[in-house]
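A structural walkthrough
Listed here are the chains, written in short residue letters.
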Amino acid sequence: MSNDLWKTEILKAIDESYDGTGGVYLDSGTNTLEELQSLTGNQASIVLPGAGNSVANQVKHLLTTVAIHKPQFEGGEYPDLDWGADWEATPLSDDEWQALVTTFAATREQLKNWVQNPVVAEDSAYAGAAIMVVAHLAYHIGQIRHGIGYAKQA
Amino acid sequence: MTASVPVSEIRSAIKLALGEAFDTVIGMYLDKGETLRESLDDLTAEQASVPIHPGSNSIASQVNHMNFYFDVMKNYLVGQEPERPDWSLAWKVIEVDEDQWSDLKQGLRDRQTELYGLIDAVPDEVFADPNFLAGSYGIVAHTAFHLGQIRHARAAQGL
């Protein structure tokens, strides 16, 4: 199969996870990035009762996961990461939150670039990694959207 | 670097991603114990009917929505342009009794089987069609999205 073809659809799903464009799996008009930007630091830090995590925790986790994707597309060793730190309840100021969102927004191009131009061989592991990027993003976008809904009502 | 990835590799990756969401974690993006089967099978109808927060949907709603979505996408994948779906129906179910809840879960399992059969059966040239590819990725992403919400909804109930 042409790489352009199967990658194009993956890239659309990545875009959709951030700003809703793509038409792959979300309702039209769902712009998660814009909604993240609209939250205050306090709202983003609200812990969803029972779930034990906030929207900020989810975003931090997605940033950490990018470090795992790096060796999948560029090769090299997997980093030794402190996954638990992402889930610690740490209140963020508005500035800290906006900086976090800006960093998260930048991961979109990083992920797309990896899918388009991997250093590793374009084999089954690579195809699996590209689809994993989409599935993992979608899983946490689902939780982020729950978190946004709760934070705006709280 | 090769010039292309065989359809078989894409087909396999999609099935693995779906399998992870439904019932078989291989470490693509979930931790053990987080599949749909493990997230739904031990829930009572009462637990499945609790909105995650006031005015929001329930786990039963999520499963009903997933079943509705699979039915729409199945037609799409086999090349039948679906009539414009009434997506409001996909969110109609909020509260369920035990029989309804059992039916919803069985419906999801049936659709899983059907979906696997469809992915296995389509010839390579169909799989390489942009619509089929987009539909397949859409199913992977949509399933993961709602599994994430179901996991959140469970946790919100302390489960």
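Here, the structure is the one placed above.
Residues numbered from 1 in each chain as written. Chains lettered and ligands numbered in written order. Predicted model: local features only at pLDDT ≥ 70, side-chain atom pairs only at ≥ 80, totals over all residues. Heavy atoms only, no water.

Looking only at helices and strands, chain B features seven helices and zero strands. Element order for chain B, N to C, with α for helix and β for strand: α-α-α-α-α-α-α. In summary, chain B has a C-alpha radius of gyration of 16 Å against a globular reference of 15 Å for 159 residues, a match within 12%. C-alpha extents for chain B along the principal axes are approximately 50 × 35 × 25 Å. Counting only residues that meet the buried cut, chain B has 52% of its 159 residues in that class. Within chain B, residue pairs in contact and separated by at least 24 positions form 74% of the contacts whose partners lie at least 6 positions apart. (Helix = DSSP H or I, 4+ residues; strand = E, 2+ residues; numbered from the N terminus. Rg over C-alpha atoms; globule rule 2.2 N^0.38 Å. Buried < 20%, exposed > 50% of the residue type's maximum accessible area, 1.4 Å probe, protein only. Contact = heavy atoms within 4.5 Å.)

Residue and element names in this part refer to chain B. Two numbers describe how helix α4 (residues 59-77) lies on helix α5 (residues 98-121): the axes approach to 10 Å, and their chain directions differ by 30 degrees. As judged from the angle between their axes, α4 and α5 are roughly parallel. For the pair α4 and α5, the sense of crossing is left-handed. Residues Ile-59, Ala-60, Val-63, Asn-64, Met-66, Asn-67, Phe-70, Asp-71, Lys-74 and Leu-77 of α4 form the contact with α5, whose own contacting residues are Trp-101, Leu-104, Gly-107, Leu-108, Arg-111, Glu-114, Leu-115 and Leu-118. Broken down by class, the residue content of the contact of α4 with α5 amounts to eleven nonpolar, three polar and four charged. (Axes fitted to C-alpha atoms, helices over the stretch in contact; angles between N-to-C directions. Parallel < 35°, antiparallel > 145°, perpendicular 65-115°, else oblique. Left-handed = near helix turned anticlockwise from the far one by under 90°. Nonpolar A, V, L, I, M, F, W, Y, C, P; charged D, E, K, R; others polar.)

A few words on the packing of aromatic side chains. Residue and element names in this part refer to chain B. Counted according to the given criterion, the structure contains twelve aromatic pairs over all chains. Judged by centre distance (6.2 Å) and plane angle (40 degrees), the rings of Tyr-69 and Trp-87 are tilted. Remark: Trp-87 occurs in the loop between α4 and α5 and Tyr-69 occurs in helix α4; sequence separation between them is 18 residues. Members of the aromatic cluster, each reached through a chain of ring pairs, are Phe-22, Phe-68, Tyr-69, Phe-70, Trp-87 and Tyr-116. Note that Lys-15 overlies the ring of Tyr-116, its terminal NZ or CZ placed 5.7 Å from the centroid. (Phe/Tyr/Trp six-rings, centres within 6.5 Å; stacked < 30°, edge-to-face > 60°. Lys NZ or Arg CZ within 6 Å of the ring centre and 35° of its normal.)

This part takes up the pattern of salt bridges. Evaluation of the coordinates by the stated rule reveals 14 salt bridges over all chains. Between Asp-19 of chain A and Arg-108 of chain A there is a salt bridge, with its nearest N and O atoms 2.9 Å apart. A residue pair is termed long-range when its members are at least 10 positions apart, and Asp-19 of chain A in helix α1 (residues 3-19) and Arg-108 of chain A in helix α6 (residues 94-116) qualify at 89 residues. Under the relative-accessibility criterion, Asp-19 of chain A is labelled partly exposed at 21%. A relative accessible area of 15% places Arg-108 of chain A in the buried class. With its nearest N and O atoms 2.8 Å apart, the salt bridge here joins Asp-120 of chain B to Lys-15 of chain B. Placement of the pair is Asp-120 of chain B in helix α5 and Lys-15 of chain B in helix α1 (residues 7-22), with a sequence separation of 105 residues. Overall, the relative accessible area of 44% leaves Asp-120 of chain B in the partly exposed class. (Salt bridge = Lys/Arg side-chain N within 4 Å of Asp/Glu carboxyl O.)

Grouped together as the largest cluster of nonpolar side chains are 94 residues, with contacts concentrated most on Trp-6 and Trp-97 of chain A together with Trp-101 of chain B. Here Trp-101 of chain B is in contact with Leu-40, Leu-43, Thr-44, Ala-45, Ala-48, Ile-59, Ala-60, Val-63 and Val-96 of chain B, once residues within four sequence places are set aside. (Core = buried A, V, L, I, M, F, W, Y, C linked by side-chain atoms within 4.5 Å.)

Structural measurements only, silent on function.
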